[in-house]
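# Notes for the structure review
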Amino acid sequence: MIPVKPHIAKRAHVHSLAHYEGLYRESIANPAGFWSTQAEALTWFHPPESVHQARIEEGEIAWFSGGKLNACYNCVDRHAETQPDKVAIVWAANEPGEYRKITYAELAREVGRMANVLKSHGVRRGDRVAIYLPMIPEVAFAMLACARIGAVHSVVFAGFSAEALRERILDADCAVVLTADEGLRGPKRIPLKETVDDAVEGLSVVRSVLVAKRTGAEVAMTPGRDYWLAEELAKERATCPVEWMDAEDPLFVLYTSGSTGKPKGVLHTTGGYMVYTAFTHRHVFDIHDDDVYFCAADAGWITGHSYIVYGPLANGTTTVMFESVPNYPDCGRYWQVVDDLEVSVFYTAPTAIRAVMRAGDEFVTRASRKSLRILGTVGEPINPEVWTWYHDVVGNGQAAVIDTWWQTETGGIMIAPLPGATPAKPGSATLPMFGIRPVLVDDEGTEIKGNGVSGNLCLAGSWPGQSRTILGDHQRFRSTYFTRFPGYYFTGDGCRRDEDGYYWITGRVDDVINVAGHRLGTAEIESALVAHEAAAEAAVVGFPHEIKGTGIYAFVIIRDDFSAEDPKALVGALRDQVRRVISPIATPDAIQIVSGLPKTRSGKIMRRILRQIAAGKTDDFGDISTLADPTIVEALIASSER
Ligand code: PRX
């Protein structure tokens, strides 16, 4: 147990474990009172008339009904009035030492102009807008501009392929797409406009493609469809009235992977999401007015939405937006930014910490890092030794390490220590946030009470930041989250609650894998592989990977009528196939060509056998008597890539 540091507790909003426990009890005993108080931190055009209604089994959830507000007003206007000269966003560009500071007053003008551009391209309240931008300030301007006029943004991570982007544009019916000529990630240039061209080719739904100039690369522009964003902005006024939205009006949709092939458009609404992200940002990162807060995620993921844009800006914080990668120009880049900007709160994924840790301490120690107070992590379990390195070396033993567990669907942080209150245990996300009730259930759905137990992690009741539906498919929302364990929201994660009541996430219990902090469905990768002419069948599993946490291992059966002259080239072609259909982030680390898969007599693939082979743990397979052909296991081991 690592005790709370007195210098952190001294100025913290929640300053002791007893303080946390008291507030937690209150939040559970009287959620309506608790959350209506938290909602007062926002500015409402019309206050909510009720706090909360839910019929959990139907997945029908509402918070702050009757209330009217605007997310952009809360993130921008009210701070532009009270603290116009405070820096809202510091953009850390790809090249070291290159920064752009945007004050709240400037942010208001940038967002107003962007909102007018969207309107001039026909975007109205309720319309969907696709944002496929690199980490440049325009990504935040565009998100906030959508919120301002009541449009629903769908940010698509700019590493996704044309096919993946096209699928998302179609699913959400986006008439306008924002992109850039190219993106920069360290030494690499990413041809974003070219990808958009492929994605929207022949799509009649897309009216306008607005193109930001990042590198000045020459790109093809289709007249009547493609517009340079800067030219469009130059035509518009910097002020644009806000649309007052109902608390339950959609704010955005964000696609994420599940256990079936098709990505899900997770939908978040306005009031509850804003209350929850502002509240959790303030408490988990113990935010004060003088903080410089740096979340190194990408805006294309939920962490970027909740904890680069909405949470921090709602709190009037200075938020850093990082365009580059942790190893450019070398593995000291994060700490250089920390020193340059005097960052006090830093938040990243364990995979990034593992990557820079491997490069050696000298990349860290050459920076002073004296401004750091809080170090957060998110996205996957953090190994205790990495946690300890983060704490001892990066934080000099002086900063609090905050392991935050949550999901795209939860909108905000669910389980995490509070820096001034919760003693830490390396590798544990520790205790639930206020108002959050984690429940462990066995496979039959019976609650496992007490401490020192493990089970499927569910959440009882609701919280304001909870997703409300899957765009266009409420039935899928219900069946994915609310039917396996009736009465609860099922997270898909396994979890242990230790003797002290601390939570330890053990990883996914479904067919989802967390690869380098990115969430991928194994079924999605399998579909991409079998779409290749050579592949008859594929099975994908995760295996422990030193840097990525989980690596991707694919077993592929080649069609009888396909003659692979060069097996190496075939494996290369299959890898390219996944890159092309999904994204480079989904590229298998290993592909094993096999003649058969371990199937039960009823035809179900026994994935645990594949997981063991992928992990190189082949000494004991347990009971394999239900396999249709047990000899397949030996054959798989013999041709294994491990
Ligand atoms: O398995 C859990 C893992 O990431 C999943 C959610 O992924 P996504 O929706 O992409 O959101 C990631 C950023 C919030 C979870 O089901 N996960 C997230 N945070 C942690 C984690 N696993 C262990 N420890 C964490 N702190």
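Throughout, residues of each chain are indexed from 1 in the direction in which the sequence is written. In keeping with the predicted nature of the model, local features appear solely for residues at pLDDT of at least 70, side-chain atom pairs appear and are counted solely at 80 or more, and the whole-chain, interface and lining totals rest on all residues. Neither water nor hydrogens contribute to the side-chain values; these are computed over all heavy atoms in the structure.

Moving on to the overall build of the chain. The way it works is that DSSP assigns letters per residue, a run of H or I at least four long becomes a helix, a run of E at least two long becomes a strand, and they are numbered from the N terminus. Of the regular secondary structure elements, the chain holds 20 helices and 30 strands. Taking as baseline every contact in the chain between residues at least 6 positions apart, the subset at least 24 positions apart corresponds to 72%. Carbon and sulfur atoms make up 49% of the accessible area of the chain, which amounts to about 23,900 Å² in all. Whether two residues are in contact is decided by their heavy atoms: any pair within 4.5 Å suffices. Surface accessibility in these figures is a Shrake-Rupley result with a 1.4 Å probe; residues are shielded only by whichever protein chains are displayed.

A few words on helix α16 (residues 474-481). Accessible area is worked out with a 1.4 Å probe on protein chains only. A residue is then buried under 20% of its type maximum, exposed over 50%, and partly exposed in between. Regarding α16, the residues found buried are Arg476, Phe477 and Tyr481. Down the axis of α16, the buried side of the element spans an arc of 105°, and every buried residue falls inside it. Of the surrounding secondary structure, the elements contacted by the buried residues of α16 are β15 (264-269), β23 (469-470) and β24 (488-497). Picture the helix axis, draw a direction to every C-beta atom, and the arc is the one those directions span.

Nonpolar side chains (Val, Leu, Ile, Met, Phe, Trp, Tyr) within 5 Å and like charges within 9 Å form the patches, drawn only from residues with over 30% relative accessible area and no salt bridge. When a carboxyl oxygen of Asp or Glu lies within 4 Å of a side-chain nitrogen of Lys or Arg, that pair is called a salt bridge. When charges are counted, neither His nor the chain ends are considered; positive counts come from Lys and Arg and negative counts from Asp and Glu. Where a charge sits is defined by one atom per residue type, namely NZ (Lys), CZ (Arg), CG (Asp) or CD (Glu). A cluster of basic side chains, namely Arg185, Lys188, Arg575 and Arg579, defines a positive patch on the protein surface. Among the secondary structure elements, arginine 185 is positioned in strand β9 (residues 183-185).

Pairing is mixed in the open sheet, where eight strands are placed in the order β12-β11-β8-β6-β7-β14-β15-β23. The sheet terminates laterally at β12 (226-228) and β23, the two strands that pair on one side only. Pairing analysis gives six bridges linking strand β14 (residues 250-256) to β15, with the strands arranged antiparallel. Considered in β15, the bridge of tyrosine 255 is made with glycine 265. Strand pairing requires that DSSP identify at least two bridges connecting the strands.

Moving on, we come to the packing of aromatic side chains. Pairing of aromatic side chains requires ring centres within 6.5 Å, counting the rings of Phe and Tyr and the six-membered ring of Trp. Pairs whose planes differ by under 30 degrees are stacked, by over 60 edge-to-face, and all others tilted. Overall, the coordinates contain 40 aromatic pairs when judged by the stated rule. Between phenylalanine 252 and tyrosine 273 the ring centres are 5.0 Å apart and the planes differ by 85°, which places this aromatic pair in the edge-to-face class. Taken as a pair, phenylalanine 252 in strand β14 and tyrosine 273 in helix α10 (residues 270-284) lie far apart in primary sequence, 21 residues in all. Across the pair, tyrosine 273 and phenylalanine 252 agree in class, each one buried. Linked through ring pairs, Tyr20, Tyr24, Phe34, Trp35, Trp44, Trp63, Phe64, Tyr276, Phe279 and Phe434 together constitute an aromatic cluster. When the ring centre of phenylalanine 160 is taken as origin, the NZ or CZ atom of arginine 168, which lies over that ring, is 4.3 Å away. Consider the ring centre and the ring normal. A charge sits over the ring if Lys NZ or Arg CZ is within 6 Å of that centre and within 35 degrees of that normal. Sitting over the face of the ring of tyrosine 502, lysine 425 holds its NZ or CZ atom 4.8 Å from the ring centroid.

All right, on to the nonpolar core then. In this text, buried Ala, Val, Leu, Ile, Met, Phe, Trp, Tyr and Cys residues form a nonpolar core when linked through side-chain atoms within 4.5 Å. Formed by 167 residues in total, the largest nonpolar core has its most connected members in Leu107, Leu118, Leu144, Leu178, Phe285 and Tyr310. Sorting elements by how many residues they give to this core places helix α6 (residues 137-149) first, with ten residues. Grouped together as the second largest cluster of nonpolar side chains are 33 residues, Phe322, Trp335, Ile353 and Ala399 included.

Turning to the pairing of β14, a few remarks are in order. Judged by how many residues are buried, β14 sits mostly within the fold: six of seven residues are covered. Where strand β7 (residues 152-155) meets β14, two bridges bridge the pair, whose relative direction is parallel. Within β14, the position partnered with histidine 153 by the bridge is phenylalanine 252.

Attention now moves to the sheet that holds strand β29 (residues 549-558). Taken in spatial order, the three strands of this open sheet run β28-β29-β30, and their pairing is mixed. On the outer flanks of this sheet lie β28 (535-545) and β30 (590-594), each paired with one strand and no other. On average, adjacent strands in this sheet sit at an angle of 25° to one another, irrespective of strand direction. Across ten bridges, the pairing between β28 and β29 is antiparallel. Note on β29: the bridge partner recorded for alanine 539 is phenylalanine 555. Here an axis means a line fitted to C-alpha atoms, over the contact stretch when the element is a helix, while the angle between two N-to-C directions is reported on a 0 to 180 degree scale. Packed onto the sheet, helix α17 (residues 522-530) meets β28 and β29 and runs at close to 140° relative to β28.

This part is about the site of the ligand. As a matter of local geometry, the ligand sits amid 17 residues, with Asp403, Thr404, Thr408, Asp493 and Arg519 nearest to it. The term polar contact refers here to a pair of N or O atoms within 3.5 Å; inside protein, the definition further demands a hydrogen-donor-capable atom paired with an acceptor-capable atom, and it admits residues adjacent in sequence only when both atoms are side-chain atoms. In the environment of the ligand, an oxygen atom lies 2.5 Å from a nitrogen or oxygen atom belonging to the side chain of threonine 408. A distance of 2.8 Å separates an oxygen atom of the ligand from a polar atom in the side chain of arginine 508. Here the ligand, which alone exposes 540 Å², has 96% of that area covered by the protein. If even one non-hydrogen atom of a residue comes within 4 Å of a molecule or strand, that residue is called near it.

Once that is clear, we can look at the packing of helix α4 (residues 71-82) against helix α5 (residues 104-120). Contact geometry for α4 and α5: axes closest at 8 Å, N-to-C directions at 130°. One element, α4, and the other, α5, form an angle in the oblique class. Between α4 and α5 the crossing geometry is left-handed. Contacts between α4 and α5 pair Cys72, Cys75, Val76, His79 and Ala80 from the former with Tyr104, Ala105, Leu107, Ala108 and Val111 from the latter. Only Asp, Glu, Lys and Arg are considered charged in this grouping, and only Ala, Val, Leu, Ile, Met, Phe, Trp, Tyr, Cys and Pro are considered nonpolar; every other residue, Gly among them, is considered polar. A per-class count over the contact of α4 with α5 returns nine nonpolar, one polar and no charged. Geometric relationships in this document are graded by angle, where less than 35 degrees denotes roughly parallel, more than 145 denotes roughly antiparallel, 65 to 115 denotes roughly perpendicular, and other angles denote oblique. For a crossing to be left-handed, the near helix must be turned anticlockwise from the far one by less than a right angle; the clockwise case is right-handed.

As a further point, take the pairing of β24. For β24, the buried fraction is high: nine of the ten residues fall into the buried class. Inspection of the sheet shows strand β22 (residues 453-460) paired to β24 by seven bridges, in the antiparallel sense. Looking across to β24, one finds that serine 454 is bridged to arginine 496. As paired strands, β24 and strand β25 (residues 503-508) are joined by five bridges and run antiparallel to one another. Note on β25: the bridge partner recorded for glycine 494 is glycine 507. The antiparallel pairing of β24 with β25 creates a hairpin that spans five residues between the two strands, and glycine 501 there sits at a positive phi of about 80°.

Turning our attention to the pattern of salt bridges. If you walk through the whole model with that rule in mind, you get 32 salt bridges. The salt bridge involving arginine 148 is made with aspartate 77; its shortest N-O contact spans 2.8 Å. With a gap of 71 residues between them, arginine 148 in helix α6 and aspartate 77 in helix α4 connect regions that are remote in the sequence. The salt bridge involving aspartate 498 is made with lysine 425; its shortest N-O contact spans 2.7 Å. Placement of aspartate 498 in the loop between β24 and β25 and of lysine 425 in the loop between β20 (400-404) and β21 (437-441) is noted, with a sequence separation of 73 residues between them. We classify aspartate 498 as buried; its relative accessible area is 7%.

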